[in-house]
Amino acid sequence: MNQYRDFAFVYDKLMDDVDYEGWINYIEQIIKNENAQVKNILELACGTGNITIPLAKKNYDIAGIDISDEMLNVARSKGEEQGIDLVLLEQDISELDFDVTNLDCVLCACDGFNYITYDEDLMNVFSKTHELLKEEGIFIFDISSFYKLSTVLGDNMYGENREDISYMWQNYFDDEQNLVEMELTFFVADENGKYDKHEERHLQRAYTEEEILDMLEEVGFADVKVYGDFTFEQPEEDCERVFFVCRK
Ligand SMILES: C[S@@+](CC[C@H](N)C(=O)[O-])C[C@H]1O[C@@H](n2cnc3c(N)ncnc32)[C@H](O)[C@@H]1O
């Protein structure tokens, strides 16, 4: 897999329809509803910092981890442009290794855990997160739902032709292993209007809510709340994003 290499440089452009402000408001509302005292946050799979930077601006003491050096470089440059010195670590979260303990909050937004395709690796992140949190600490994450990955993205093909970027995105869903393989081909125009072709393969695992809840319970998170699509309600059958809120 060559995930989030060249794609890092077009990620923000292709995500320009995502309401990150609304996402952050939702996370803050969860924290408020839970009456959790949060000053420091560890963000897993932070990518280009679309959540990290606004939270840093709101004075949370935040550190971000991602496996992609390229995504982290974009995050770092954006932080510098906005006068924010981000703490960013390049690391595979399935082997999470973080020195600071007694954390108030661990976050993982927008599919980070769908990229962890083996049960034992995901269990490892959950278990390490549990270890790193303070008593009553809060763990908030979301995944693309099983329905979204198997049925909506499934074996479908997507494409878009923009002025400066065009892409084709072909998916293959393996219903034995519950894995979606995504073949991304994108063409990026340079200043002379000449297009360079880039290709990446991404692999995401579709998890059921039950699979996730069993793993969380096994590492010690009890009474996990599960919400669908930025609401405070249980996910509907056609919900595309499932949020999990866990307290240590
Ligand atoms: C869809 S992006 C989300 C980025 C960011 N959280 C956001 O909301 O924009 C998924 C991110 O997961 C990261 N990722 C995938 N597998 C990872 C792993 N094993 N360890 C750390 N990061 C990983 C990718 O590099 C990418 O930045």
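Counting starts from 1 at the beginning of each chain's written sequence and moves along it residue by residue. Totals for whole chains, interfaces and linings use all residues, but because this is a predicted model, local features are given only for residues with pLDDT of at least 70 and pairs of side-chain atoms are given and counted only at 80 or more. Side-chain metrics in this entry use all non-hydrogen atoms of the structure; hydrogen atoms and water are not considered.

> Can you help me understand the overall build of the protein chain in this one?
For the purposes of this entry, the term helix denotes a DSSP run of H or I that reaches at least four residues, the term strand denotes a run of E that reaches at least two, and both are numbered from the N terminus. The helix and strand inventory of the protein chain stands at seven helices and 11 strands. Here the globule rule reads 2.2 Å times residues to the power 0.38, and the radius of gyration is calculated from C-alpha atoms. For the protein chain, the C-alpha radius of gyration of 18 Å lies close to 18 Å, the compact-globule estimate for 248 residues. Along the first, second and third principal axes, the C-alpha set of the protein chain runs to 55 × 45 × 30 Å. Within the protein chain, the fraction of its 248 residues that count as buried is 52%. For every residue, the accessible area obtained with a 1.4 Å probe (protein chains only) is divided by the maximum for its type, and the residue is called buried under 20%, exposed over 50%, and partly exposed between those limits.

> Please clarify how the sheet that holds strand E11 (residues 241–247) should be interpreted in this entry.
Sheet strands line up and pair through hydrogen bonds in the backbone, either parallel or antiparallel. Only when DSSP finds a minimum of two bridges between them are two strands counted as paired. Taking strand neighbours across the sheet as the criterion, the seven strands line up as E3-E2-E1-E4-E5-E11-E10 in an open arrangement whose pairing is mixed. For this open sheet the edge positions go to strand E3 (87–90) and strand E10 (222–228), each flanked by a neighbour on one side alone. Direction aside, the axes of adjacent strands within the sheet are offset by 15° on average. Sheet topology places strand E5 (residues 133–144) next to E11; seven bridges connect them, and they run antiparallel. Across the sheet, residue phenylalanine 141 finds its bridge partner in E11, namely phenylalanine 244. Seen against the sheet, helix H5 (residues 119–132) touches strand E1 (40–44), strand E4 (103–108) and E5 and runs at an angle of roughly 150° to E5. The convention used is that axes are lines fitted to C-alpha atoms, helices contributing only their stretch in contact, and that angles between N-to-C directions extend from 0 to 180 degrees. Only heavy atoms matter for contacts: two residues are in contact if any of them lie within 4.5 Å across the pair.

> It is not clear to me how the packing of aromatic side chains should be interpreted in this structure. Could you clarify?
When we look at a pair of aromatic rings, we describe it by the centre distance and by the angle of the planes. Ring pairs are drawn from Phe, Tyr and Trp, using the six-membered ring of Trp, whenever the two centres fall within 6.5 Å, and their geometry is named by plane angle: stacked under 30 degrees, edge-to-face over 60, tilted for the rest. If you walk through the whole model with that rule in mind, you get 23 aromatic pairs. Taking 4.9 Å as the distance between ring centres and 15° as the angle between the ring planes, the aromatic pair formed by phenylalanine 141 and phenylalanine 244 counts as stacked. Remark: phenylalanine 244 occurs in strand E11 and phenylalanine 141 occurs in strand E5; sequence separation between them is 103 residues. Judged by relative accessible area, which is 1%, phenylalanine 141 ranks as buried.

> Looking at this model, I keep getting lost on the site of the ligand. Mind explaining?
Neighbouring residues of the ligand: 18 residues in total, closest Tyr11, Tyr20, Ala45, Asp66 and Asp92. For the purposes of these results, a polar contact is taken to be a pair of N or O atoms within 3.5 Å, where, inside protein, one atom must be able to donate a hydrogen and its partner to accept one; residues adjacent in sequence count only when each atom of the pair is a side-chain atom. One of the side-chain N or O atoms of tyrosine 11 is found 2.8 Å from an oxygen atom in the ligand. Measuring from a nitrogen atom of the ligand, one finds a backbone N or O atom of alanine 45 at 2.8 Å. Relative to its unbound accessible area of 600 Å², the ligand is 97% covered by the protein chains. The nonpolar class holds Ala, Val, Leu, Ile, Met, Phe, Trp, Tyr, Cys and Pro. Asp, Glu, Lys and Arg form the charged class, and all remaining residues, Gly among them, are polar. Looking at the shell around the ligand residue by residue, the class counts come to 12 nonpolar, four polar and two charged. Note on definitions. A residue lies near a molecule or strand when any single heavy atom of the residue is within 4 Å of it. A 1.4 Å probe and the Shrake-Rupley method give the accessible areas. Residues count as covered only by the protein chains that appear here.

> Just to check I follow, could you spell out unusual backbone geometry for this structure?
Outside of glycine, negative phi angles account for most residues, and trans bonds account for most peptide bonds. The phi angle at asparagine 178 is positive, at roughly 55°, despite the residue not being glycine. The topology assignment puts asparagine 178 in the loop between strand E7 (165–174) and strand E8 (179–189). Using a relative accessible area of 17% as the deciding quantity, one classes asparagine 178 as buried. The phi dihedral of aspartate 229 is positive, around 45°, even though this residue is not glycine. Assignment of secondary structure puts aspartate 229 in the loop between E10 and E11. The exposure class assigned to aspartate 229 is partly exposed, which follows from its relative accessible area of 35%.

> Whenever I open this one, the pairing of E1 confuses me. Can you help?
In summary, the side chains of a regular strand alternate between the two faces of the sheet. In terms of burial, E1 is a largely internal element, four of the five residues being buried. By convention, a crossover is right-handed whenever its connection, traced from the first strand over the helix to the second and viewed with the strands pointing away, goes clockwise. Each parallel crossover has a hand, and the one from E1 via helix H3 (residues 52–57) to strand E2 (residues 61–66) is right-handed. In this structure, E1 lies alongside E4, joined through four bridges in parallel fashion. Bridging from a neighbouring strand, glutamate 43 pairs with leucine 107 of E4.

> Sorry if this is basic, but what is going on with the domain arrangement of the protein chain here?
By a widespread convention, an interface's size corresponds to the accessible area lost as its parts come together. Residue ranges for the domains trace back to a domain assignment, done automatically or taken from a database. Assigned domains of the protein chain: these are domain 1 (8–144 + 208–247) and domain 2 (148–204). Between the C-alpha centres of domain 1 and domain 2 the distance comes to 24 Å. Contact residues are listed per partner, giving 11 residues for domain 1 and 13 residues for domain 2. Summed over both partners, the interface of domain 1 with domain 2 buries about 1,200 Å², with 57% contributed by carbon and sulfur atoms. Salt bridge, as applied in this entry: a Lys or Arg side-chain nitrogen positioned within 4 Å of an Asp or Glu carboxyl oxygen. In this structure, the connection of domain 1 to domain 2 is made through two salt bridges. Lysine 13 is paired through a salt bridge with aspartate 164; the nearest N and O atoms lie 3.1 Å apart. The interface formed by domain 1 and domain 2 holds seven residue pairs in polar contact (both at pLDDT 80 or more) in total. It is helix H1 (residues 8–14) that contributes the most residues to the side of domain 1 that touches domain 2, three residues altogether. When grouped by side-chain class, the residues that make up the side of domain 1 that touches domain 2 number three nonpolar, three polar and five charged. Here the buried area means the combined drop in accessible surface, using a 1.4 Å probe, for two parts upon being joined, counting both sides.

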